[in-house]
Amino acid sequence: MSSARADILAAIAATRAAAHPAMPNAAEITAQAWRLLDMVPGLRPDRVGADVVESFRARVTLPAIGATAEHVQSWAEMPDAVRRYLATHQLPASIALQPHPQLQSLDWQGVVTHPTIAVDEPVAVGLALGGVAETGSLIFHSGHDAPTLFAFLPVHHIVALETSRIWPWLEDYTAALATMPHPRNVNLVTGASGTTDIEGALVRGAHGPGFLHVVLIGERSGALTSDL
Amino acid sequence: MNAFTDRAARAVADTTLKLAIDRTTGTARTKRDAAVRAWPQFQQARELGRQIKDHVIAHLDHYLLEFERNAIASGAKVHWARNAQEACDITIRICKDAGARSVTRAKSMLGEEIGLPQALAEAGITRVETDLAEHIIQLAGDPPSHIVWPALHKTREQVAALFRAHHTDPGAMATVEAMVSSARRELRAKFMAADVGISGANFLVADTGAICTVTNEGNAELTTTPPRVHIVTAGIEKLVPSTAHAMSLLRLLVRSATGAELTQYTTFHCGPKRAGDRDGPEEFHIVLVDNGRTRMLGEGLAEMLRCLRCGACLNHCVVYRQIGGHAYGGVYPGPMGSVLTPVLDGLAESKDLPKACTLNGMCQEVCPVNIPLPTLLRGWRDKAWREGLEPTTTRGALGIWRFMVLRPGLYRLATRIALPVMRLFARRGWIAAMPLAGGWTRHRDLPAPAAQSFMTQLRQRKSAR
Amino acid sequence: MSEVVADAPRVGLFVTCLVDSMRPSIGFAAIALLEAAGCRVEIPTSQTCCGQPALNSGDRDGAIRIAQHTIALLEEFDHVVIPSGSCAATIIVHYPELFAHGSLWHARAGKLAGRTFELLTYLAEIRRWAPRNVALAAKATYHDSCSGLRELGIKAQPRCLLAGVAGLALTELEGSETCCGFGGTFCVKYPAISNAIVGEKAGHIADTGAELLLGGDLGCLMNMAGKLHRAGSPVRSFHAAEVLAGMADGPAIGEGA
């Protein structure tokens, strides 16, 4: 316990005592904080329609967000989606493949895969934990099968997202996060990296990927539900 | 004239700067406006944002302790710094203990506030700025001129010249894309080679002990994941109760800053690398910085602690839009800077800032958490007057004026004398120059007063009846 | 006869120091309008200034003493009306803030604040008055002075009233809600910055193609008119009250009376 800590806490306590003589206890403070969020559902912007998957897809492909998206019915079709992407963009058939069993178990014939990512990796293929329809965000949690840098180092980032794992609202995701141990890194990735630092001109790929392609896997449409 | 008015006058005459300010702030205003229009409940959301922040401010020690507990539980080391010097000392010590030769830095205004670049230089540690704008101003040796677009004052030609001079593989630099590519190449290896990565935090999440960074470039994650050590320097007011509360504030912050709904990268960093993680720092340090914030609590500036650092007030301030960021002379410019700089640098050093304001109130109107900026600026003016910081000429003139205002008879007499005197300087209804009126007439004409005041004319009309 | 609220309130007109010394015609326009709206208008003769210069300079003690003087001379009236958003805001918003909660002066300031109105708001919303047989064939634009706009919500009322002036075409000013750079003492303490701000404003005014600039605050109008004139612009400026009172056939601001 350093004296800086004691000084800062004491300074705060002194002003708080003056301003709010009746001190609520910790449980009351926390309850107060959560009560504030009661009004959130009523004031969110109108971003999520009845079809959560379509809401997500429409948002993530907006020019301002700058991702591309396609839909396949099943995981088996994921490698083909990647092969098509590589061909379209005239990229070599060599990818960094996120070391997740779901991806590794697929048939990658014709594409050379490696589980680690180089500093100037052209293409990385990953898997999002989920998505948020409100903002068109992909969720990545760091972990044994999910190195954080997979989402940041490549030029092209191709991400598999199960349509059944799209949360409607940001708070739906945070409620889910609260039920699990908080990973080291939670990334909400909303589109391709960009900067407007030079004369306001938008340039993609400032440090993160300049190209983000989402492969939606599963049912084309999904009814609005928070239960995931 | 003084240092501030000198800087302001030079800035006002700088047409290149004006073009840059208009382009950057104009785009920001337009985009923010569109984002607000696209969200009918924006005002209610703004009120919620204010309530969340005020709740945290009212219970700051509770949340600091909760945050510390959870951060430590996640494996982070938490340090406390009363002031800029302590914050830098702690940061440098961590760097030295880690044997750091080079550190990468993600953009952090708090880092500027505590003088971290200077401290790193004095400690002989190479500092690599990774945010593109911070990288540009590092090469140029400039301070930031905006809290969201620190390099707005640089033209593309100036950036190209800097990159040509300093990048190892600049290429032709014919386009902005080429310049960004060059910066990407330049910084790539440095991300991976850094011993320590230093970031700020947009939010400190109390119930998880995580810190949140928001960027459009992805440099925060590249700065903080590869190195062995990640140091976060953050003001103690950045606390929020939970990740959900952070989301409510993020909805306001990003729209107010750039008009987007979320930045490309919103990341919650929680502790160092764990068993099973494929990447991440071995050590995770959080330096909680006071540097005047507890003083603000006690001195009537608590509302200023709501600030999300969105920059909307800068973008809408008629003064900022004419003089840019450097003229303010402090780390933070614009309306929020005019409230904060007297806290950081002392009122005597910065008393022009609260005065160089028309009190028009647009800053408060666009503030996502409704900080009463004009009221806080008035408070500084009151304090400056009480502490005798106003020049004797001003006090004297105002004293004479006040004396007369309280004595209507004398006031009428003075008016009866002054009006005809003023009219002596008039040509066809306008005064182009007049003693004591140089401040006005230097740049504009003064309409000549009527021959007789309203009260005189009124009295005459009444007696004529 | 215009539709007027039945009673005839005793209105204390506070003309403001700028109107008193620089443009009395606004004061006479205010009297005419208030009488047309069925008010019994009185001008308390010991009025001088609302004290804004002291307030904005941080001279709180000075502001308090001026506020006390002003409250004492105005509190007897049913209503107090002021042809300026910033002076009205000083009395309505800031006077009560000068006194400790629960004190006698705070109560007096609060009572006065509740009975004080900016002129155009008073005419439109309280007296529900509209101009009759007022004509001005001209293209005009309107500047929303900041205090009135943000502290008192003055926006629609002037436009509503001016819409009743036959032949007057009001074009919206780009950035009408952007400060003109007057700011009271600001414009003389920081002339270079103020000049840059009003220069931009003058450009927007010129862009409207309007012949007339109208507004509700003389300080702002003098600032903009002075800049326009120095720049050689033909745009002429009036207070909206002068137009509504049918006085826009007289000399505009700076045209010498």
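All values derive from a computational prediction rather than experimental measurement.

Colleague: Requested: an account of the overall build of chain C, with residues and values cited.
Modeller: Broken down by element type, chain C carries 13 helices and 8 strands. A globule of 257 residues ought to have a C-alpha radius of gyration of about 18 Å, and chain C, at 18 Å, matches this closely. The dimensions of chain C, computed from C-alpha atoms along their principal axes, are 50 × 50 × 30 Å. By the burial criterion, 62% of the 257 residues in chain C qualify as buried. When contacts within chain C are restricted to residue pairs at least 6 apart in sequence, long-range pairs at least 24 apart make up 78% of them.

Colleague: I'd like to hear about the overall build of chain A, residue by residue, with values.
Modeller: Within chain A, the secondary structure is distributed over 7 helices and 12 strands. Each of the 228 residues in chain A was classed as buried or not, and the buried ones make up 46%. Put simply, of all contacts in chain A between residues at least 6 apart along the chain, 74% involve residues at least 24 apart.

Colleague: Give a detailed account of the pairing of strand 8 (residues 236-239) of chain C, specifying residues and quantitative values.
Modeller: Residue and element names in this part refer to chain C. Of the two faces of strand 8, both are covered, the one formed by Arg236 and Phe238 as well as the one formed by Ser237 and His239. Across 4 bridges, strand 7 (residues 212-215) lies against strand 8 in parallel orientation. Note on strand 8: the bridge partner recorded for Gly215 is His239. On the question of chirality, the crossover connecting strand 7 to the parallel strand 8 by way of helix 12 (residues 218-230) is right-handed.

Colleague: Describe the arrangement of the chains, and please don't skip the residues or the numbers.
Modeller: Contacts are most numerous between chains A and B, considering all 2 pairs of chains that are in contact. There is no contact between chain A and chain C; across them, the least C-alpha separation is 16 Å.

Colleague: Residues and numbers for the interface of chain B and chain C, please.
Modeller: Facing 49 residues of chain B, the contacting portion of chain C comprises 55 residues. Here the side of chain B that touches chain C is composed, by residue class, of 29 nonpolar, 11 polar and 9 charged.

Colleague: So, the sheet that holds strand 9 (residues 185-189) of chain A: which residues are in play, and what are the values?
Modeller: The 8 strands are arranged 8(A)-5(A)-6(A)-9(A)-9(B)-6(B)-5(B)-8(B) in an open sheet whose pairing can be described as mixed. Of all the strands in the sheet, the pair left with one neighbour each is strand 8 (166-167) of chain A together with strand 8 (239-240) of chain B. Here 2 bridges tie strand 5 (residues 130-132) of chain A to strand 8 of chain A, and the two strands are oriented parallel to one another. Its bridge partner being in strand 8 of chain A, Val132(A) is matched across the sheet by Trp167(A). On the sheet, helix 12 (residues 243-258) of chain B packs against strand 5 (203-205), strand 6 (210-215), strand 8 and strand 9 (265-269) of chain B and is oriented at approximately 165° with respect to strand 5 of chain B.

Colleague: Account for the environment of Leu153(A), with residues named and values stated.
Modeller: Residues and elements named next belong to chain A. The topology assignment puts Leu153 in the loop between strand 6 (137-141) and strand 7 (156-162). What makes Leu153 buried here is the crowd of 27 C-beta atoms within 10 Å. The residues contacting Leu153, other than those within four sequence positions of it, are Ile117, Val119, Glu121 and Ala124.

Colleague: Please provide a residue-by-residue account of the nonpolar core, values included.
Modeller: Of all hydrophobic cores here, the largest spans 299 residues; its most connected members are Val159(A), Leu239(B), Ala30(C), Leu33(C), Ile193(C) and Met224(C). In terms of residue count, the dominant contributor to this core is helix 12 of chain B (9 residues).

Colleague: Run through the packing of helix 4 (residues 60-74) of chain C against helix 6 (residues 104-114) of chain C, naming residues and quoting values.
Modeller: Residues and elements named next belong to chain C. Across the interface, helix 4 lies against helix 6 with an axial gap of 10 Å and an inter-helix angle of 55°. For the element pair helix 4 / helix 6, the angle class is oblique. Handedness of the crossing formed by helix 4 with helix 6: left-handed. Packed against helix 4, whose contacting residues are Ala67, Gln68, Ile71 and Leu74, the element helix 6 presents Trp105, Arg108, Ala109 and Leu112 at the interface. Taken together, the residues of the contact of helix 4 with helix 6 break down into 6 nonpolar, 1 polar and 1 charged.

Colleague: So what's going on with helix 4 of chain C? Which residues, and what values?
Modeller: Every α-helix winds through 3.6 residues per turn, so residues three or four apart in the chain are directed the same way. Residues and elements named next belong to chain C. Between its terminal C-alpha atoms helix 4 stretches 20 Å, which fits the 21 Å expected from 15 residues at 1.5 Å a residue. For helix 4, the set of buried residues is Gly62, Ala63, Ile66, Ala67, Thr70, Ile71 and Leu74. All buried residues of helix 4 project into a common sector of 160° when viewed along the axis, lining one side.

Colleague: Explain the interface of chain B and chain A to me, using residue names and the numbers behind them.
Modeller: Contacts between chain B and chain A engage 78 residues on the former and 62 residues on the latter. Residue composition of the side of chain B that touches chain A, by class: 33 nonpolar, 28 polar and 17 charged. Bridging between strand 9 of chain A and strand 9 of chain B involves 5 bridges; their strand directions are antiparallel. Within the sheet, the bridge partner assigned to Leu188(A) lies in strand 9 of chain B and is Thr266(B).

Colleague: Can you tell me about the domain arrangement of chain A, naming the residues and giving the values?
Modeller: Per the domain assignment, the segments of chain A are domain 1 (3-40) and domain 2 (47-217). Here domain 1 of chain A and domain 2 of chain A have C-alpha centroids that lie 40 Å from each other.

Colleague: Can you break down the sheet that holds strand 1 (residues 10-13) of chain C residue by residue, with the values?
Modeller: Residue and element names in this part refer to chain C. The strand order 2-1-3-4 describes an open sheet built from 4 strands, whose pairing is parallel. Looking at which strands have only one partner, the edges of the open sheet turn out to be strand 2 (40-42) and strand 4 (116-118). Between one strand axis and the next, the sheet turns by 30° as a mean value, whatever way the strands run. Two elements, strand 1 and strand 2, share 3 bridges in a ladder whose sense is parallel. Pairing of Arg10 across the sheet is with Arg40, part of strand 2.

Colleague: Quick one: what's the story with unusual backbone geometry, residue by residue and with numbers?
Modeller: The phi dihedral of Asn291(B) is positive, around 45°, even though this residue is not glycine. Among the residues examined, Asn291(B) registers 21 C-beta atoms within 10 Å and is labelled buried. Backbone geometry at Asn133(C) places phi at a positive 60°, although glycine is not the residue there. For Asn133(C), the position within the fold is in the loop between helix 7 (119-126) and strand 5 (135-143).

Rules of the game
- Residues numbered from 1 in each chain as written.
- Chains lettered and ligands numbered in written order.
- Predicted model: local features only at pLDDT ≥ 70, side-chain atom pairs only at ≥ 80, totals over all residues.
- Helix = DSSP H or I, 4+ residues; strand = E, 2+ residues; numbered from the N terminus.
- Rg over C-alpha atoms; globule rule 2.2 N^0.38 Å.
- Buried ≥ 20, exposed ≤ 12 C-beta atoms within 10 Å, placed from the backbone.
- Contact = placed C-beta atoms within 7 Å.
- Pairing = 2+ DSSP bridges.
- Right-handed = clockwise from strand over helix to strand, strands pointing away.
- Nonpolar A, V, L, I, M, F, W, Y, C, P; charged D, E, K, R; others polar.
- Axes fitted to C-alpha atoms, helices over the stretch in contact; angles between N-to-C directions.
- Core = buried A, V, L, I, M, F, W, Y, C linked by C-beta atoms within 7 Å.
- Parallel < 35°, antiparallel > 145°, perpendicular 65-115°, else oblique.
- Left-handed = near helix turned anticlockwise from the far one by under 90°.
- Expected span 1.5 Å × (residues − 1).
- Arc of directions from axis to C-beta.
- Domains from an automatic or database assignment.

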